[in-house]
Amino acid sequence: MQDWNPDLYRQFEAERTRPAQELLSRIPLTQVKFATDLGCGPGNSTELLCKAWPDAHITGLDSSQAMLDKARQRLPCCSFSCEDIRHWQAAQPQDVIYANASLQWLTEHQTLFPRLITQLAPSGVLAVQMPDNLEQPTHRLMREVARRAAWADMINPQATDRKTLLSAEQYYDLLSGSGCRVDIWRTTYYHIMSSPQAIVNWLRATGLRPFLTALDEQQEKAYLAAFQSEIARAYPARTDGHLLMAFPRLFMVAQKI
C-alpha cells in the first residue's frame, strides 16, 4: 500500500483533531511522566499531549515514515518511532497510552487491548478513539463501487476489508476484565462539507487508501469519479448548499486500578 499522504490528511486537520481533544479531555490524570501516541500521524494529536503535559516525555509512534517526518518537523522536542503498534513494547511503564483513530486498522482487539493495558503504570490510562463508520454511506459505497465489473478484478476484497469493531459491551468487558475502571461512549459528529468532492478528498487520505493502492492513474480517476457520483446522491445539499457527513466514533478511557 502507498504511504500515507500527510498534506492530504491535514486538509481537514481541525475536524480530525476535534475527537482527539474530546478524548484527551476525559483522561483523569494531571501528573504524567511518560505518554505514547499510537498512530500519531503528522503530530496533530501528539501536540495536544505536549500541551496537556509539557513536562512529560511524549513519544509518537507510526508505521508511516512520511507522517513521522511531518511530526518531527512540527514537534522537534518529542521522540518519534517508526513501528507497528501490534509489536510495540514500551521502554518503561506508561502513564498514558493514547490511540486516536488508529486501532480500527488493526485486528485481534481481544488480545491487543489487554496487552496494551499491561504496559501501563499503576493508575495509568489507555485512551482510545476509533471511527465506527463502516455502515455509513461513505464506506458502504466504497465497497459497492469496488464490486463493479470495472474494478472487481483489481481491488482485493481482503485488502479493503476493515473489520467491524467489537460492541461497546464487549470492549467494556475486555477492559474491565483487564483490571481497569472504564469510561465508554459514542459520539456522532456531523461534519459540514462544501461538496461531494470534499467528502472524497477527506476519504482519500484514510478509508479509500486500500481501494486505490492497486489502481493505476487512469483506473483511480475512473473509480473516484464513480464513487463521487454515488456520494453526491447519498449526501444531498442542505438548504445553505453544504453537505452533512455523519461520522460516528467510539471512545473509551480505561484506567488501571
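In this report, the structure presented in the accompanying data block is examined. Computed from a predicted model, the values in this text were never measured in an experiment.

So, about a nonpolar patch on the surface. A contiguous nonpolar surface patch, about 330 Å² in accessible area, is contributed by Y190, I192 and L244. Mapping L244 onto the fold places it in strand β7 (residues 243-256). For L244, a relative accessible area of 39% translates into the label partly exposed.

Summed over the entire model, instances satisfying the criterion amount to six aromatic pairs. Plain terms: the ring middles of W202 and F247 are 5.9 Å apart, the flat faces sit at 50° to each other, and that makes the pair tilted. Residue W202 is found in helix α9 (residues 196-204), and its partner F247 is found in strand β7; the two are separated by 45 residues along the sequence. What makes W202 buried here is its relative accessible area of 0%. Residue F247 is classed as buried on the basis of its relative accessible area, which comes to 7%. Both rings, one in F211 and one in Y223, keep their centres 6.4 Å apart while their planes meet at 20°; by these two values the pair is stacked. Of this pair, F211 sits in helix α10 (residues 209-212) while Y223 sits in helix α11 (residues 217-234), placing them 12 residues apart in sequence. Residue classification places F211 among the buried residues on the basis of a relative accessible area of 4%. Under the relative-accessibility criterion, Y223 is labelled buried at 0%. Cluster of aromatic residues (ring-pair linked, three or more members): W151, F211, Y223 and F227.

With that out of the way, let us pick up the state of the cysteines. Applying the stated criterion across every chain yields a total of zero disulfides. Residue C77 stays outside any disulfide, its sulfur separated by 4.1 Å from that of C78, the closest cysteine.

Spatial strand order, β3-β2-β1-β4-β5-β7-β6: seven strands in an open sheet with mixed pairing. Looking along the sheet, the strands with just one partner apiece sit at the ends: β3 (79-82) and β6 (180-193). Each neighbouring strand pair of the sheet contributes to a mean axis angle of 15°, computed without reference to strand direction. Note: strand β1 (residues 34-38) against strand β4 (residues 94-100), three bridges, orientation parallel. What sits directly across from T36, in β4, is I97. In the packing of helix α8 (residues 168-176) onto the sheet, the strands contacted are β5 (120-131), β6 and β7, and the crossing angle to β6 comes to about 145°.

Its identity is not glycine, yet A101 carries a phi of approximately 60°, on the positive side. Within the secondary structure layout, A101 lies in the loop between β4 and α5 (109-117). Among the residues examined, A101 registers a relative accessible area of 21% and is labelled partly exposed. With a phi angle near 70°, S123 is a residue other than glycine that sits in the positive phi range. In this structure, S123 sits in strand β5. The class for S123 is partly exposed, based on a relative accessible area of 41%.

Inspection of the secondary structure assignment puts T138 in helix α6 (residues 137-146). Among the residues examined, T138 registers a relative accessible area of 2% and is labelled buried. In this structure, T138 is in contact with I199, L203, F227, I231, Y235 and M245, ignoring residues within four places of it in sequence.

Moving on: the pattern of salt bridges. Tallying each qualifying case throughout the model produces nine salt bridges. Note that D84 and R86 form a salt bridge whose closest N and O atoms lie 2.5 Å from each other. Here R140 ties to E144 by a salt bridge, and the two come within 3.1 Å at their closest N and O atoms. Residue R140 and its partner E144 are located together in helix α6, separated by four residues, close to a single helical turn. Overall, R140 belongs to the partly exposed group, its relative accessible area being 31%. In this structure E144 comes out as partly exposed when scored by relative accessible area, which is 34%. The network of salt bridges with common partners includes R148, E230 and R233.

Parameters at a glance
Here, residues in each chain are numbered from 1, in the same order as that chain's written sequence. Since the coordinates come from a predicted model, pLDDT governs what is reported: local features require at least 70, and pairs of side-chain atoms require 80 or more to be given and counted, while whole-chain, interface and lining totals use all residues. Each side-chain value is derived from all of the structure's non-hydrogen atoms; neither hydrogens nor water enter the calculation. Surface patches are drawn from residues lacking salt bridges whose relative accessible area is over 30%; two like charges belong together within 9 Å, two nonpolar side chains (Val, Leu, Ile, Met, Phe, Trp, Tyr) within 5 Å. Each accessible area is a Shrake-Rupley result for a 1.4 Å probe, and residues are judged covered by the shown protein chains and nothing else. One speaks of a salt bridge when a side-chain nitrogen belonging to Lys or Arg is within 4 Å of a carboxyl oxygen belonging to Asp or Glu. Numbering of helices and strands runs from the N terminus; a helix is a DSSP stretch of H or I covering at least four residues, while a strand is a stretch of E covering at least two. Each residue gets one of three labels from its accessible area relative to the maximum for its type: buried under 20%, exposed over 50%, partly exposed in between, using a 1.4 Å probe on protein chains only. Any two of the Phe, Tyr and Trp rings considered here, Trp counted by its six-membered ring, make a pair once their centres fall within 6.5 Å; the pair's planes then place it as stacked at under 30 degrees, edge-to-face at over 60, or tilted in between. The disulfide criterion used throughout: a pair of cysteine sulfur atoms within 2.5 Å. A strand pair is defined by DSSP finding two or more bridges across the two strands. Here the axes come from fitting lines to C-alpha atoms, over the contacting stretch only for helices, and the angles between their N-to-C directions go from 0 to 180 degrees. The criterion used for residue contact is that any of the two residues' heavy atoms lie within 4.5 Å.

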